[in-house]
Amino acid sequence: IVARAGFASANMHLDSLASEAREGLALGAAVDFELGHDFRLTPELWYTQKGFKHGSYYEVLFLEMKTATLSIPVVLSYHFLANSVDPRAFVGLSADVLMSAETRRTDRDWIDVADETDSLSWTLILGGGVRRGRWDLDVRYLQGLSAVTDLDYQDFDDVLSQQHKFGDATDTTWVFTLGVWF
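Presented here is an overview of the structure given in this document.

What counts and how
- Residues numbered from 1 in each chain as written.
- Predicted model: local features only at pLDDT ≥ 70, side-chain atom pairs only at ≥ 80, totals over all residues.
- Heavy atoms only, no water.
- Salt bridge = Lys/Arg side-chain N within 4 Å of Asp/Glu carboxyl O.
- Core = buried A, V, L, I, M, F, W, Y, C linked by side-chain atoms within 4.5 Å.
- Buried < 20%, exposed > 50% of the residue type's maximum accessible area, 1.4 Å probe, protein only.
- Helix = DSSP H or I, 4+ residues; strand = E, 2+ residues; numbered from the N terminus.

1. Remarks on the pattern of salt bridges
Move 1: Considering all chains together, one arrives at 15 salt bridges under this definition.
Move 2: A salt bridge links Asp107 to Arg105; the nearest nitrogen and oxygen atoms lie 3.4 Å apart.

Set out below in structure tokens:
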């Protein structure tokens, strides 16, 4: 069993949205199952803070978003031969359950939009790591495969005209963690 803690740098992507990454907490735990000599299957559980900041939607609406997800990934890793460390590369798929979602126009307070945001999304995981003794470093890239939100929130209706169409936004996240094996 490994416990990991670190940070996530996340952003949302939509053709008409320009924004910057939001940094947040990433906490995870995993169990390793050996599949032959070099491969391992690893079910995991993660809590990750995501979102974006300094967003400009159609250059008319300026907003930010904060989300928290509980992710359930399954990762397949290949472990390379090495003398003093255990390097690996991995790929996986995650079901991400939305725990909270807040957004705001930069000129207003935060509003809860969890009920108007997709509660389940899917994510592709690519990454690598290295283990030395009980310590583990992990870097992963998360690419959203399904929409997280369409940003069609009631609070924004007075700003956007009917000419603007809301689209589905997906997220990308970099996660950097330090882990301890038990």
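2. Here we look at the nonpolar core
Move 1: By size, the foremost hydrophobic cluster in this structure holds 13 residues, and its most contacted members are Met12, Leu17, Phe52, Tyr57 and Met65.
Move 2: Listed by contribution, the elements that provide at least two residues to this core are strand E4 (39–57), strand E5 (61–79) and strand E6 (86–105).
Move 3: The leading source of residues in this core is E5, at three residues.
Move 4: Grouped together as the second largest cluster of nonpolar side chains are eight residues, Ala26, Ile125, Leu142 and Val175 included.

3. Observations concerning the side chain of Ser121
Move 1: Within the element layout of this structure, Ser121 appears in strand E8 (residues 120–132).
Move 2: Residue class for Ser121 comes out buried when judged on its relative accessible area of 10%.

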